[in-house]
Amino acid sequence: MQGAKNESLAGIRLFDGLSESALEDLSKRCRWHKYQPNEQVIDRFSDSRDLYLIVKGRVRVVNYSVTGREVTFDEREEGEYFGELAALDGEPRSANVIALNELNVACLSQEAFNRLLLEHPQVTLKILHGLAKIVRASNKRIMDLSTVGANNRVHAEILRLALPGVRTDNTAIVSPFPIHGDIASRVSTTRETVNRVFSDLSRRGIVKRSKSNLVILDLIRLRKMIEDVVGEIN
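Now for a quick tour of the structure. Note that the structure is a prediction, hence the values are computed from the model and not measured.

Conventions and cut-offs
Residues numbered from 1 in each chain as written. Predicted model: local features only at pLDDT ≥ 70, side-chain atom pairs only at ≥ 80, totals over all residues. Heavy atoms only, no water. Helix = DSSP H or I, 4+ residues; strand = E, 2+ residues; numbered from the N terminus. Contact = heavy atoms within 4.5 Å. Areas by Shrake-Rupley, 256 points an atom, 1.4 Å probe, with all protein chains shown as cover. Lys, Arg positive; Asp, Glu negative; His and termini not counted. Charge placed at Lys NZ, Arg CZ, Asp CG, Glu CD. Buried < 20%, exposed > 50% of the residue type's maximum accessible area, 1.4 Å probe, protein only. Core = buried A, V, L, I, M, F, W, Y, C linked by side-chain atoms within 4.5 Å. Pairing = 2+ DSSP bridges. Axes fitted to C-alpha atoms, helices over the stretch in contact; angles between N-to-C directions.

### Comments concerning the overall build of the chain
- Each helix and strand counted, the chain has eight helices and 11 strands in total.
- Seen through its principal axes, the chain has C-alpha atoms that stretch 55 × 40 × 35 Å.
- The long-range share in the chain, meaning contacts at least 24 apart out of those at least 6 apart in sequence, stands at 72%.
- Carbon and sulfur atoms provide 51% of the accessible area of the chain, an area that totals close to 13000 Å².
- Placing the 34 positive and 31 negative side-chain charges of the chain at their respective mean positions leaves the two points 6 Å apart.

### A word on unusual backbone geometry
- Following Ser175, the chain continues into Pro176 via a peptide bond in cis, with omega recorded as -5°.
- Inspection of the secondary structure assignment puts Pro176 in the loop between strand E9 (172–174) and helix H6 (180–187).
- Its identity as a non-glycine residue notwithstanding, Ser188 has a phi of 55°, on the positive side.
- Note on placement: Ser188 falls in the loop between H6 and helix H7 (191–203).
- Residue class for Ser188 comes out buried when judged on its relative accessible area of 15%.

### Focus: the nonpolar core
- By size, the foremost hydrophobic cluster in this structure holds 23 residues, and its most contacted members are Leu9, Leu14, Phe15, Leu53, Leu108 and Phe113.
- At the level of secondary structure, the elements contributing two or more residues to this core comprise helix H1 (20–29), strand E3 (51–56), strand E8 (103–108), helix H3 (110–119) and helix H4 (121–147).
- No other element matches H3, which puts four residues into this core.
- Beyond its immediate chain neighbours, meaning those up to four positions away, Leu14 contacts Leu51, Gly79, Tyr81, Val123, Lys126 and Ile127.
- Judged by nonpolar contacts, the second largest core, of 22 residues, contains Val154, Ala162, Val174 and Ala184.

### A closer look at the sheet that holds strand E1 (residues 31–35)
- Here four strands make up an open sheet; going across it, the order is E1-E8-E3-E6 and the pairing antiparallel. Taken across any chain shown, the strands that pair with only one partner, and hence form the sheet edges, are E1 and strand E6 (81–82).
- Of the pairings in the sheet, the one linking E3 to E8 comprises five bridges and is antiparallel in character. Across the sheet, residue Leu53 finds its bridge partner in E8, namely Ala106.

### Focus on the sheet that holds E9
- Pairing is antiparallel in the open sheet, where three strands are placed in the order E9-E11-E10. At either end of the open sheet lies a strand with only one pairing partner, and these are E9 and strand E10 (207–210). Ignoring which end each strand starts from, the neighbouring axes of this sheet average 25° apart.
- Summarising the sheet, E9 and strand E11 (residues 213–216) pair through three bridges and their orientation is antiparallel. Paired with Val174 across the strands is Leu214, a residue of E11.

This is the structure:
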């Protein structure tokens, strides 16, 4: 969907350190778009090559199996970017991107993106660091899928969700309560498996639902269940 009015690029972390005049110049090179929740931003089979800069909102990067099961690769939020792979190598898109809420983005063409990389080496380094992060995350995902059972992958995802809400009494709050289908998509399993894991953890007294939140009642125990399988978690 087009028609978003121009907004500042000052919140885009990729451009931290650039001058106001450089940001203004970049802003003039961008096309600005708005998307509604659940609207598709990028189709995996499209031939677009733009870099997308998230001015407001959040997106999910996904693919679908031949049976239609959704597999989540990543989520990007306000201040981040996506679409860099096709913008760099000119190849087709590698995944679909869906808006999770109201989304405002600035789109930089492949030509303008390449010019940006040549003009601002510090931005190029940040792009390289981001690509290295993708490679490391992909390696870890491959290892997890090859060596860690689905139940343990769900345990690890629950712990990841809990870490921002850790409290001093060995508990944590996840708010809002995580959608089982989203967890299944992120760890490449089924919603039924996630349901069984939550039921088992609840029966053991490790988690409980409290209104619209998930309460982790025993973080140490949850962490140990994971470390017994995958080793120490840093």
